[in-house]
Amino acid sequence: MTRIAIVTGGTRGIGEAISLALNGALLHTPVLGASALALAPHVPAGQVLHVSACAKGCAHPAPADLVLAARPGGFGLARGATAATAASCPPIARAALLSHPELLQAE
């Protein structure tokens, strides 16, 4: 089962900042869903954040502006990449990412 959220951001309004494409998996992955919701307001305007629970990224196989792929130790973060690429990046602890969401805006 693919576990994904696609979040488009740029505004501070949660209703405007979030577009979730779900196949029901986030209901079984509350940490992933909570992370996507918490980071949504920090997604740069006009960019797409793909949050995936695995490297397959089945629901969004194309590259996204920002990709977080769950992996042991946190999330791999990649830019202009797929979930497979992000999953091979060094992990950023979930707590560190949530306390420093500006990491999504860094180049």
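Here the structure is a predicted model, which means the values were calculated and not measured. (Residues numbered from 1 in each chain as written. Predicted model: local features only at pLDDT ≥ 70, side-chain atom pairs only at ≥ 80, totals over all residues. Heavy atoms only, no water.)

**Re the overall build of the chain**
Spelled out, the test is: Runs of E in the DSSP output that reach at least two residues are strands. Runs of H or I that reach at least four are helices, and both are numbered from the N terminus. Accessibility here uses a 1.4 Å probe with only protein chains present; expressed as a share of the type maximum, an area under 20% marks a residue as buried, one over 50% as exposed, and anything in between as partly exposed. Note on contacts: a residue pair qualifies if any of its non-hydrogen atoms lie within 4.5 Å across the two residues. We get accessible surface area from the Shrake-Rupley algorithm with a probe of 1.4 Å; when it comes to residues, only the shown protein chains can shield them.
Check the secondary structure of the chain and you find four helices and five strands. Sequence-ordered secondary structure for the chain, helices as α and strands as β, is β-α-α-β-β-β-α-β-α. Expressed as a percentage of the 107 residues in the chain, the buried residues total 41%. Across the chain, the fraction of contacts at a sequence separation of at least 24, relative to all contacts at a separation of at least 6, is 39%. About 5200 Å² of surface is accessible on the chain, with carbon and sulfur atoms providing 61% of the total.

**A word on the pairing of strand E2 (residues 48–52)**
Rule in force here: Two strands qualify as a pair provided that DSSP identifies no fewer than 2 bridges between them.
Counting buried positions along E2 yields four of five residues, so the element is predominantly enclosed. Across four bridges, the pairing between E2 and strand E3 (residues 64–71) is parallel. Along E3, the bridge assignment pairs Ser 52 with Ala 69.

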